[in-house]
Amino acid sequence: KEDIRLLNLVVREMTRFPGIVIMKVDTDLLDIFLSRLEKGLLDGLKFMVQFNLPNVDGREKLFKKFLPEMLPTEKIDFRSLAKSSDKLNIKQIGNAVYRAAAVAALRSEKNRLVKMADLKTAINDERKRGETVIERWVKSQYL
């Protein structure tokens, strides 16, 4: 209940703001999320645009973009990374690459390569970092 009150407060304040406000919500259950807002607050929102999580092709492109060519790596199977990172958003994919690079940077100089295993571990770590407050609330209420 505290999360919903806070969310309603945020939306109420946004409707009073004279400029443009962009709000990002990370959840696959946007309909359920919106249904919990007070109707009057929803009327104050002019546009709601839903951006889906990247598909496997999009995730593959993101991994290629986030792994710079100058970064020392072993052979990377980008398709495999994309397939194993379903339900991750762009920020989580970037975090996974950063984590893998940090792990590699701590190795001895000869072994300072980003490996597939580093990336797979980092992907799993990103999954375990926890769900958002809204996702936990939605699951507790509806799933």
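Residues numbered from 1 in each chain as written. Predicted model: local features only at pLDDT ≥ 70, side-chain atom pairs only at ≥ 80, totals over all residues. Heavy atoms only, no water.

Engineer: Could you give me a rundown of the overall build of the chain, with the residues and numbers involved?
Structural biologist: Counting secondary structure elements, the chain contains 8 helices and 0 strands. The order of α-helices and β-strands along the chain, N terminus first, is α-α-α-α-α-α-α-α. Classification of the 143 residues of the chain by burial places 28% in the buried group. Taking contacts inside the chain between residues at least 6 apart in sequence as the whole, the part at least 24 apart equals 70%. Looking at the chain as shown, the accessible area adds up to about 10,200 Å², and 56% of this sits on carbon and sulfur atoms. (Helix = DSSP H or I, 4+ residues; strand = E, 2+ residues; numbered from the N terminus. Buried < 20%, exposed > 50% of the residue type's maximum accessible area, 1.4 Å probe, protein only. Contact = heavy atoms within 4.5 Å. Areas by Shrake-Rupley, 256 points an atom, 1.4 Å probe, with all protein chains shown as cover.)

Engineer: Account for the packing of helix 6 (residues 90-105) against helix 7 (residues 116-128), naming residues and giving values.
Structural biologist: It is at 8 Å that the axes of helix 6 and helix 7 come closest, and there the two elements cross at 130°. Classified by the angle between their axes, helix 6 and helix 7 sit oblique to one another. Here helix 6 and helix 7 pass one another in a crossing that is right-handed. Counted together, Gln 92, Asn 95, Ala 96, Val 97, Arg 99, Ala 100, Val 103 and Ala 104 of helix 6 and Asp 118, Leu 119, Ala 122, Ile 123, Asp 125 and Glu 126 of helix 7 form the full contact between these two elements. Tallied by class, residues from the contact of helix 6 with helix 7 come to 8 nonpolar, 2 polar and 4 charged. (Axes fitted to C-alpha atoms, helices over the stretch in contact; angles between N-to-C directions. Parallel < 35°, antiparallel > 145°, perpendicular 65-115°, else oblique. Left-handed = near helix turned anticlockwise from the far one by under 90°. Nonpolar A, V, L, I, M, F, W, Y, C, P; charged D, E, K, R; others polar.)

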